[in-house]
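Residues per chain, in single letters:
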Amino acid sequence: QVQLVESGGGLVQPGGSLRLSCAASGSFYTFYDLGWYRQAPGKQRERVAIMTFGGVADYEDSVKGRFTVSRDNVKNMVYLQMNSLKPEDTAVYYCYSRRPTPPTYENWGQGTQVTVSS
């Protein structure tokens, strides 16, 4: 079983920044994809950003140019730097891992709340 533990959420004003961190452990392998999903109240969970072991990143359109995903393959960490935050970014953010080859196991963290409000 893969364990994913997030940290770094909180309350920030519009236009501000936050950095989320996630530590992967357990049955995690460095070649797994790592990234972030989010779920706002009353909405479906959506993918925010994913990064492969090789460093290829994919972003949801609304966060392109504002959010940056990165990872440390030695420490098995993934990060999400969020800049120019907007109220619509308010959500619970979940760390995510995926085995990129079959069988494609997926795992989720417990989530961390990000609230953007003045």
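Residues numbered from 1 in each chain as written. Predicted model: local features only at pLDDT ≥ 70, side-chain atom pairs only at ≥ 80, totals over all residues. Heavy atoms only, no water.

A closer look at the nonpolar core
Alright, step 1. Core analysis: the largest hydrophobic core is formed by 28 residues, its most contacted members being Trp36, Val48, Phe67, Val69, Leu80, Met82 and Tyr93.
Alright, step 2. Contributions of two or more residues to this core are made by strand E1 (2-7), strand E3 (18-26), strand E4 (33-39), strand E5 (46-51), strand E7 (67-72), strand E8 (77-82), strand E9 (91-98) and strand E11 (112-116).
Alright, step 3. The element best represented in this core is E3, accounting for four residues. (Core = buried A, V, L, I, M, F, W, Y, C linked by side-chain atoms within 4.5 Å. Buried < 20%, exposed > 50% of the residue type's maximum accessible area, 1.4 Å probe, protein only. Helix = DSSP H or I, 4+ residues; strand = E, 2+ residues; numbered from the N terminus.)

Description of the packing of aromatic side chains
Alright, step 1. The full count for this structure, using the stated rule, is seven aromatic pairs.
Alright, step 2. Centre to centre, the rings of tyrosine 37 and tryptophan 108 are 4.7 Å apart; their planes meet at 75 degrees, and the pair counts as edge-to-face. Of this pair, tyrosine 37 sits in strand E4 while tryptophan 108 sits in strand E10 (residues 106-108), placing them 71 residues apart in sequence.
Alright, step 3. Residue class for tryptophan 108 comes out partly exposed when judged on its relative accessible area of 34%.
Alright, step 4. Here tyrosine 96 and tryptophan 108 contribute two aromatic rings whose centre-to-centre distance is 4.8 Å and whose plane-to-plane angle is 55 degrees, an arrangement assigned as tilted. Taken together, the residues span a long stretch of sequence, with tyrosine 96 in strand E9 and tryptophan 108 in strand E10 at a distance of twelve residues.
Alright, step 5. Since its relative accessible area comes to 0%, tyrosine 96 is described here as buried.
Alright, step 6. If you follow arginine 19 out to its NZ or CZ, it ends over the ring of tyrosine 79, 4.1 Å from the centre.
Alright, step 7. Lying over the aromatic face of tyrosine 94, arginine 45 brings its terminal NZ or CZ to 3.8 Å of the ring centre. (Phe/Tyr/Trp six-rings, centres within 6.5 Å; stacked < 30°, edge-to-face > 60°. Lys NZ or Arg CZ within 6 Å of the ring centre and 35° of its normal.)

Things to note about the environment of alanine 49
Alright, step 1. In this fold, alanine 49 is placed in strand E5.
Alright, step 2. Separated by 38 residues in sequence, alanine 49 and proline 87 have C-alpha atoms that sit 18 Å apart.
Alright, step 3. Once you skip the residues sitting within four places of it in the chain, alanine 49 turns out to touch Gly35, Trp36, Asp58, Tyr59, Val69 and Leu80. (Contact = heavy atoms within 4.5 Å.)

A word on the sheet that holds E1
Alright, step 1. Within the open sheet, the four strands sit side by side as E1-E3-E8-E7. Their pairing is antiparallel. With partners counted over all chains shown, the strands left at the sheet margins are E1 and E7, one partner each. For this sheet the average axis-to-axis angle between neighbouring strands, irrespective of direction, equals 15 degrees.
Alright, step 2. When E3 meets E8, the two strands line up antiparallel, connected through six bridges. Looking at the pairing, alanine 23 lines up with methionine 77 of E8. (Pairing = 2+ DSSP bridges. Axes fitted to C-alpha atoms, helices over the stretch in contact; angles between N-to-C directions.)

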